[in-house]
Amino acid sequence: MTEPHCDPHPNPAGIKRVAVLTSGGDAPGMNAAIRAVVRTATSQGIEVIGVRRGFSGLHRGDFITLGARDVANTLQRGGTILLSARSHTWRTPEGRARGARHLRAHDVDALIVIGGDGSFHGAHFLQEEHGIPVIGLPGTIDNDLYGTDHTIGYFTAVETALDAVDKLRDTGASHERIFVIEVMGRHAGHIALDVAVAGGAEEVFIPEDAKEVAGVLEIVKASVKKGKMGSIIIVAEGYPGGATGVAQAIQDGTGMETRVSILGHIQRGGSPVSSDRILASRLGEAAVYALMDGRSDVMIGRQNHETSYIPLADTWEKRKDVSRDLYRCAKTLSI
């Protein structure tokens, strides 16, 4: 292991070895977070164990040792080098007990979990039942976790969706068609709202506001009368009926030619943009220091440009709303 090369951080918790895993859906920037955890820990003389395939791998003891050079050339890579998987076994006390035994057998003092609220459930119960300190890092493109302004992967997902919207607007205008574009967001409309404003959409449908499509028909008709060559409608996947339902309602109500484009998993891939790399790096560093300070059972986030420590339970018990100011802005600028 590389010798420590920076000022030592106090370590009253006596952390000597940590494990890190990625769980749930992959998000651009997860590798940057892994890299930050490994290199921060190494700089403090702490060993790092990588758990492959999330909680499924933890249940099976699928571990690898990670040093500073093992995470070289990963900052720009999408996905997760540790792989990710769903684990039904981890939802059982027996599954978590087996994972705890694997951690103890490898002399692991604490676990860092990069994922969403489902992953944080698994981490929380591991600590509650077996006393192993855990820290969560918000890794999900949906940006729906309470306690952090942004989640790892969100910025890249918005940029990926926006690039597709710009291209579809070109072809929509050429054929004078309405394009209804579905972006990810099963329970939250953060991506949809950002893309709608940045992409100049005529309307946006999000789960937080289940408004009727009928109210949009006059807006679409008015857009045509104003001379607009094509219209862009953004729909979060969690809106009832999705893009397909919205498109059918618009076509039936206006008689205008409508096309549907569902962007899907393309939003989860690709090289992370700079904002996601920086966010992931800062959170990964903060996670190691938090464990050394004796913190646990918290998610590390960023709020108002400051590091925040949110109880894991708050991330699923409290709701993070979309920006209502931005929602109003989307409506104002769509004329």
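A brief look at the structure comes next.

## Some points on the overall build of the protein
Thinking step 1. For the protein, the count of helices and strands is 11 helices and 11 strands.
Thinking step 2. Its C-alpha atoms give the protein a radius of gyration of 22 Å, near enough to 20 Å, the size a compact globule of 335 residues would have.
Thinking step 3. Its C-alpha atoms give the protein principal-axis dimensions of about 70 × 40 × 30 Å.
Thinking step 4. Here the protein, with 335 residues, has 52% of them falling under the buried criterion.
Thinking step 5. Across the protein, every contact between residues at least 6 apart in sequence was considered, and the portion connecting residues at least 24 apart equals 76%.
Thinking step 6. Carbon and sulfur atoms make up 49% of the accessible area of the protein, which totals about 14400 Å².
Thinking step 7. Within the protein, the 40 negative side-chain charges are centred at a point lying 3 Å from the centre of the 36 positive side-chain charges.

## Examining the sheet that holds strand S8 (residues 231-236)
Thinking step 1. Strand order across the open sheet formed by 4 strands is S7-S8-S6-S9, with parallel pairing between neighbours. Strands with a single pairing partner mark the edges of an open sheet, and in this sheet they are strand S7 (203-205) and strand S9 (258-262). With direction set aside, neighbouring strand axes in the sheet form an average angle of 20°.
Thinking step 2. Pairing analysis gives 6 bridges linking strand S6 (residues 178-183) to S8, with the strands arranged parallel. Note on S8: the bridge partner recorded for Glu182 is Val235.

## Examining helix H3 (residues 93-105)
Thinking step 1. Its 13 residues give H3 an end-to-end C-alpha distance of 18 Å, which sits within 8% of 18 Å, the value for a rise of 1.5 Å per residue.
Thinking step 2. Taken together, the buried positions of H3 are Gly95, Arg96, Ala97, Gly99, Ala100 and Leu103.
Thinking step 3. Looking at the packing, one finds that the buried side of H3 touches strand S1 (17-22), helix H2 (54-60), strand S3 (63-66) and helix H4 (117-130).
Thinking step 4. Phi turns positive, to about 55°, at Asp107, one or two residues after H3.

## Observations concerning helix H8 (residues 242-254)
Thinking step 1. Here H8 spans 19 Å end to end across 13 residues, near enough to the 18 Å set by a 1.5 Å rise per residue.
Thinking step 2. Once H8 ends, the next one or two residues include Gly255, with phi positive near 75°.

## Some thoughts on the packing of aromatic side chains
Thinking step 1. Tallying each qualifying case throughout the model produces 3 aromatic pairs.
Thinking step 2. Centroid distance Phe55 to Trp90: 4.8 Å. Interplanar angle 20°. Geometry classified as stacked. Within this pair, whereas Phe55 is found in helix H2, its partner Trp90 is found in the loop between S3 and H3, the two being separated by 35 residues in sequence.
Thinking step 3. Geometry around Phe205 places Lys211 over its ring, the cationic atom sitting 5.2 Å from the centre.
Thinking step 4. In this structure, Arg295 packs its charged tip against the face of Tyr309, placed 3.7 Å from the ring centre.

Reading guide: rules and limits
- Every chain's residues receive numbers from 1 upward, in the order its sequence appears when written.
- Only residues with pLDDT of 70 or above have their local features reported here, since the model is predicted, and side-chain atom pairs are shown and tallied only from 80 upward, although totals for entire chains, interfaces and linings are computed over all residues.
- Only hydrogens and water are removed before side-chain values are computed, so all heavy atoms of the structure are retained for them.
- Each helix is a run of H or I in the DSSP string that is no shorter than four residues. Each strand is a run of E no shorter than two, and both are numbered from the N terminus.
- Our radius of gyration looks at C-alpha atoms and nothing else; its globule reference is 2.2 Å times the residue count to the power 0.38.
- Exposed residues in this analysis have more than 50% of their type's maximum accessible area, buried residues have under 20%, and partly exposed residues fall in between, with area computed by a 1.4 Å probe over protein chains only.
- Two residues form a contact once any of their heavy atoms are found within 4.5 Å.
- Computed with the Shrake-Rupley method and a 1.4 Å probe, the accessible areas treat only the protein chains shown as cover for residues.
- In this tally, Lys and Arg are treated as positive and Asp and Glu as negative; His is ignored, and so are the chain termini.
- Charge positions come from single atoms, namely NZ of Lys, CZ of Arg, CG of Asp or CD of Glu.
- The pairing criterion for strands is at least two bridges between them, as found by DSSP.
- Note on definitions: angles span 0 to 180 degrees between N-to-C directions of axes, and those axes are lines fitted to C-alpha atoms, for helices only across the stretch in contact.
- How far a helix is expected to stretch is found by multiplying one less than its residue total by 1.5 Å.
- Each Phe, Tyr or Trp ring, with Trp reduced to its six-membered ring, pairs with another whose centre is within 6.5 Å; inter-plane angles below 30 degrees give stacked pairs, above 60 give edge-to-face pairs, and intermediate values give tilted ones.
- Here, a charge over a ring is recorded when the distance from Lys NZ or Arg CZ to the ring centre is within 6 Å and its angle to the ring normal is within 35 degrees.

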